[in-house]
Amino acid sequence: MEIAGKGSIVVGGASGMGRATAELLRARGASVAILDLQHSAGSEVATGLGGSFHPCDITDETNVEQALNAAVAALGGAVHIAVNTAGGGIARRTLTKQGPHPLDEFRRVIEFNLVATFNLNRLQASAMSRNDPVDDERGVIVNTASIAAFEGQIGQVAYAAAKAGIAGMMLTMARDLGGLGIRTVAIAPSLFSTGLTAGIPPEMAEQLTRDAAFPKRMGRPDEYARLVVAIAENPMLNGGTIRLDGGQRFAPK
Ligand SMILES: NC(=O)c1ccc[n+]([C@@H]2O[C@H](COP(=O)([O-])OP(=O)(O)OC[C@H]3O[C@@H](n4cnc5c(N)ncnc54)[C@H](O)[C@@H]3O)[C@@H](O)[C@H]2O)c1
């Protein structure tokens, strides 16, 4: 898909990898709508990109539907590229001396990452289905997993399950939507320097990335954005989860 002239929605676009993606998509000529929390920097980021901001909490079904509808309208009625980065985890083991992992916390992480991503995807696909196809293609959806989907560390059981769920949806969703010319791909980053992790001191970052092949450092938000652009531009990328990790494999801790 050619990016110039297309409408794009970046959920989580106020910060980190989402923000870098919104900036790069704009630089490549797409119009950008940002969905993020009300108190985020979404409004100023969107203004800086000549785009629109639609406050929403991705765990609120009604809120998401309204914000997506408003975003599509602000894009002139058509979204071709949707990127979803909002998500996150907690640190809790399956069992500790204090007792088993609280079930409500497990559910909350699944809701925040997996259910919210699916909710965004089904509504984004619905909006894309109304596009006129270009080279048989109507749209592309990019989700954010994590390498924890494949080798979650100690204390990441809920997060690993949620991100593995995102990875697990990709092929089936691509098959569901293939007839409409809509692609779905997930990116699985290793440790990236973003709003969540930018405060990690250099010595700790060195320790956390020591088993990467190359480069042995945290990823940079623009490296995520460049993969989104590559996915958007290459129609053969579909149904999978692409590791973006410098060859890193998480150790147990
Ligand atoms: N940074 C890493 O090391 C890393 C590694 C692997 C995967 N990830 C994944 O990347 C995504 C986070 O992106 P980031 O690292 O750029 O973080 P970030 O904190 O810089 O950006 C996340 C954005 O999501 C928004 N957000 C959070 N909760 C939200 C909600 N309920 N509704 C709407 N928006 C919400 C935040 O306001 C923020 O703008 C998550 O899905 C995370 O699991 C991050």
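Our subject is the structure listed above.
Residues numbered from 1 in each chain as written. Predicted model: local features only at pLDDT ≥ 70, side-chain atom pairs only at ≥ 80, totals over all residues.

S.K.: Honestly, the environment of Gly152 in this entry has me stumped. Any pointers?
M.R.: For Gly152, the position within the fold is in the loop between helix H5 (148–151) and helix H6 (157–178). When the C-alpha positions of Gly152 and Gly76 are compared, they lie 41 Å apart, and in sequence the two are 76 residues distant. Not counting the four nearest positions on each side in its chain, Gly152 is found in contact with Val157, Tyr159 and Ala160. (Helix = DSSP H or I, 4+ residues; strand = E, 2+ residues; numbered from the N terminus. Contact = placed C-beta atoms within 7 Å.)

S.K.: What am I meant to see in the sheet that holds strand S9 (residues 241–244) here?
M.R.: Backbone hydrogen bonds are what pair the strands of a sheet, in a parallel or an antiparallel way. Reading across the sheet, the seven strands line up as S3-S2-S1-S4-S7-S8-S9 and stay open at both edges, with parallel pairing between neighbours. Of all strands in the sheet, those with a lone pairing partner are strand S3 (52–55) and S9, marking the two edges. For this sheet, the mean inter-axis angle between neighbouring strands, taken without regard to orientation, is 20°. Of the strands in this sheet, strand S7 (139–144), strand S8 (182–189) and S9 touch H6, which is tilted by about 165° from S8. (Pairing = 2+ DSSP bridges. Axes fitted to C-alpha atoms, helices over the stretch in contact; angles between N-to-C directions.)

S.K.: Just to check I follow, could you spell out unusual backbone geometry for this structure?
M.R.: In terms of backbone geometry, most residues other than glycine have negative phi values and most peptide bonds are trans. In this structure, the amide linkage connecting Phe214 to the following residue, Pro215, adopts the cis form with an omega of -5°. You will see that Asp135, though not glycine, has its phi angle at about 50°, which is positive. Mapped onto the elements of the fold, Asp135 is located in the loop between helix H4 (103–128) and S7. In the Ramachandran plot, Asp136 falls in the positive-phi region, its phi being about 70° despite a non-glycine side chain. Mapped onto the fold, Asp136 is located in the loop between H4 and S7.

S.K.: Quick question: what am I supposed to make of the nonpolar core here?
M.R.: Side chains of nonpolar character tend, in soluble globular proteins, to be buried together. Ranked by size, the top nonpolar core spans 72 residues in total, and within it Ile34 and Tyr224 carry the most contacts. By residue number, the principal contributor to this core is H6, which donates 10 residues. Residue contacts for Tyr224: discarding those within four places in its chain leaves Met17, Ala20, Thr21, Ile187, Pro189, Phe192, Gly219 and Leu244. (Core = buried A, V, L, I, M, F, W, Y, C linked by C-beta atoms within 7 Å. Buried ≥ 20, exposed ≤ 12 C-beta atoms within 10 Å, placed from the backbone.)

S.K.: What is the right way to look at the packing of H4 against H6 in this model?
M.R.: Closest axis-to-axis distance for the H4/H6 pair is 9 Å, and the angle between their directions is 20°. It follows from the interaxial angle that H4 and H6 lie roughly parallel. In this structure, the crossing between H4 and H6 has a hand that is right-handed. Contacts from Glu105, Phe106, Val109, Ile110, Asn113, Leu114, Thr117, Phe118, Asn121 and Ala125 in H4 reach Ala158, Tyr159, Ala161, Ala162, Lys163, Gly165, Ile166, Met169, Met173 and Leu177 in H6. For the contact of H4 with H6, the class distribution of residues is 14 nonpolar, four polar and two charged. (Parallel < 35°, antiparallel > 145°, perpendicular 65-115°, else oblique. Left-handed = near helix turned anticlockwise from the far one by under 90°. Nonpolar A, V, L, I, M, F, W, Y, C, P; charged D, E, K, R; others polar.)

S.K.: Is there a simple way to think about the site of the ligand in this case?
M.R.: Every one of the 26 residues lining the ligand counts as a neighbour, but Gly12, Gly16, Gly87, Thr194 and Gly195 are closest to it. Looking at the shell around the ligand, the element that brings in the most residues is helix H1 (residues 16–27), giving three residues. When its residues are assigned to classes, the shell around the ligand shows 10 nonpolar, 14 polar and two charged. (Near = placed C-beta within 6 Å.)

S.K.: It is not clear to me how the pairing of strand S4 (residues 81–84) should be interpreted in this structure. Could you clarify?
M.R.: Every other side chain in a regular strand lies on the same face of the sheet, so the side chains alternate between the two faces. What you see with S4 is no split at all: Ile81 and Val83 on one side and Ala82 and Asn84 on the other are buried throughout. Strand direction decides the pairing type here: strand S1 (residues 7–11) and S4, joined by four bridges, are parallel. Considered in S4, the bridge of Val11 is made with Asn84. Pairing between S4 and S7: four bridges, direction parallel. Bridge assignment links Ala82 to a residue of S7, and that residue is Ile141.

S.K.: Explanation requested: the packing of helix H3 (residues 61–74) against H4 in the structure shown.
M.R.: Packed helix pairs are specified by the crossing angle of their axes together with the interaxial distance, meaning the distance between the axes. It is the contact of H3 with H4, at a shortest axis distance of 10 Å, that shows an interaxial angle of 30°. In this view, H3 runs roughly parallel relative to H4, as classed from their interaxial angle. Note that H3 runs across H4; the crossing there is right-handed. In this structure, H3 contributes Glu61, Val64, Glu65, Leu68 and Val72 to the contact, and H4 contributes Asn119, Leu120, Leu123, Gln124 and Ala127. Its residues placed into classes, the contact of H3 with H4 shows six nonpolar, two polar and two charged.

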